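Each chain, letter by letter, is given below.
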Amino acid sequence: MAPQRDLIGIQTIFHEPGVAAFPRGREILDRFPDAERIEVPSHWNIPSLHGNEGSVEDWLRIKRSTLVLGVKKGLAMRPNGRSAHFIAPSTSNGCAMACAYCYVPRRKGFANPISLFVNTEAVGAAIRRHAEKQGPLPEPDQVDPSLWVYDLGENGDLSVDAMLCDTVRDLVALFRTIPNAKGSFATKAVNPDLLAYDPQGKTRVRFSLMPARIAKIVDVRTSPMAERIAAIDDFLRAGYEVHVNFSPVILYEGWEADWRALFDEIDDTLSDAAKAQLKCEIILLTHNAGLHAVNLGWHPKAEDLLWRPDIQEAKRSEGGGDNLRYRTGWKGQWLGRFKALLAERMPYCTVRYAF
C-alpha cells in the first residue's frame with residue numbers, strides 16, 4: 001500500500017500576500033522550492049482557474065500541478081446533525097482528484113485544485129474553544145454514542161492534503177487532547193502516512209465506496225476500490241475509528257447486482273474486529289446542471305451515468321443552487337431496496353443516516 005504520489009506534481013503556487021508569515025505557509029513553500037509563485041489578492045479570485053472556460057480542457061493537468069495557498073477568514077462551526085454534529089472550518093478547499101460528481105467545482109468555478117489554508121493554528125484553537133463550550137454529549141445519537149463529532153474535510157480530501165503538509169497530522173493530534181470530541185473525514189485516497197498519526201480512537205475515517213466498474217468512470221484519479229476496502233483494517237489497527245460511505249449511489253440498469261458484489265467483497269475482506277465497529281452513511285447522487293455542462297467538456301462518458309433527467313427532478317439546495325436528485329417517491333423506494341440489500345449481505349453494518 002503506497003500513497004498516490006503521482007497525484008501531485010506541483011509546478012505553480014498561487015498564494016495570497018500574507019501566507020509566508022505563517023509557519024504552515026513557509027513549510028509548504030519550502031516543500032516546493034522550484035514551483036512558480038504567483039501572488040493573488042484572494043484564493044477565490046484567480047481568473048485563470050475560476051470561471052475560465054479554457055481551463056476545462058486542462059482540468060486534470062491543473063489539478064496535479066497547481067496549488068493555492070490562502071488564509072481562512074471564517075472560523076465559525078456550522079451545525080450539521082447528519083454525518084457530524086458540527087462542520088469545522090475547512091483547512092482546505094478543492095482536490096487533486098477529479099470525481100465527476102463533486103459539488104465543490106459547482107461553487108468555485110471550473111478547474112478546482114487544492115487550496116490549503118495556512119492559519120491552521122487558528123482553526124485548531126477555534127475547534128478547541130467550541131468543544132469546551134459544549135460540555136459532554138447529552139445522550140447517544142446517530143452521529144456518535146458519546147462524543148461530539150466535527151467534520152474536518154467538507155470541501156476536500158484530507159488523505160491527499162496530508163501529502164502536502166502536516167495539517168492533518170496536527171488535527172489528529174488536536175482531537176487526542178479534546179476529551180469530549182472527535183474529528184471525522186471522508187476519503188477516496190489511501191495514504192499510509194496517516195497510519196503513524198496515533199489517533200487513539202479520536203478520529204473517524206470514512207472510506208467512500210462504490211462498485212469498482214462505476215468508480216473507474218466517475219471516481220477519476222482516486223485509489224482503487226480494493227485498496228480502500230483493504231485499508232479499513234490497517235486504519236483500525238492504527239487507532240482510527242473506521243466507517244464507510246456508500247456514496248454516491250448512482251442508479252442505472254444493473255446497479256443492484258454491482259452493489260451486491262461490492263458488499264460481498266467487503267464482507268470477505270474485513271476482519272471480525274472491523275465488522276464489529278463498522279457503520280455507514282448512504283448518499284444517493286445529487287447532480288447539477290452547471291457541473292453537467294463542465295463535465296461535457298472533459299469527461300462526457302461520466303454524464304451518461306450522472307445526467308438522467310428521465311429519473312431525476314430539480315431541487316433547490318440549502319445553498320441556493322439548482323440541483324438534480326432522484327425523483328421523490330421513487331428515491332425512497334430505491335433507497336429502501338439499497339438498505340434491504342445491505343442488511344442481507346452485511347447485517348452487522350449499522351446505517352447511521354441515509355438520504
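The name an unreviewed UniProt entry gives the chain is Spore photoproduct lyase family protein, with Methylobacterium haplocladii as the organism.

K.L.:
Would you take a moment to explain the sheet that holds strand E11 (residues 203-209) for this structure?
P.N.:
In spatial order, the strands read E4-E5-E9-E10-E11-E13-E14-E18; together these eight strands make up an open sheet with mixed pairing. Bordering the open sheet on either side are strand E4 (78-79) and strand E18 (350-354), each of which pairs with just one other strand. The strands touched by helix H9 (residues 255-269) are E11 and strand E13 (241-249); relative to E13, the strand with the most contacts, the crossing angle is about 170°.

K.L.:
Any chance you could explain the pairing of strand E14 (residues 279-284) here in plain terms?
P.N.:
Looking down a regular strand, the side chains alternate between one sheet face and the other. Within E14, five of the six residues are buried, which leaves it mostly tucked inside the rest of the structure. Of the strand pairs in this sheet, E13 and E14 are connected by four bridges, and their pairing is parallel. Its bridge partner lying in E14, Asn245 is registered against Glu281. Relative to E18, E14 is paired through four bridges, and the arrangement is parallel. In the strand pairing of E18, Lys279 is matched with Thr350.

K.L.:
Looking at this structure, how should I read the pattern of salt bridges?
P.N.:
Summed over all chains, the structure comprises 21 salt bridges. A salt bridge links Arg206 to Glu281, with the nearest nitrogen and oxygen atoms 3.2 Å apart. Of this pair, Arg206 sits in strand E11 while Glu281 sits in strand E14; the two residues are 75 residues apart in sequence, bridging distant segments of the chain. Across the pair, Glu281 and Arg206 agree in class, each one buried.

About the thresholds
Residues numbered from 1 in each chain as written. Predicted model: local features only at pLDDT ≥ 70, side-chain atom pairs only at ≥ 80, totals over all residues. Heavy atoms only, no water. Pairing = 2+ DSSP bridges. Helix = DSSP H or I, 4+ residues; strand = E, 2+ residues; numbered from the N terminus. Contact = heavy atoms within 4.5 Å. Axes fitted to C-alpha atoms, helices over the stretch in contact; angles between N-to-C directions. Buried < 20%, exposed > 50% of the residue type's maximum accessible area, 1.4 Å probe, protein only. Salt bridge = Lys/Arg side-chain N within 4 Å of Asp/Glu carboxyl O.

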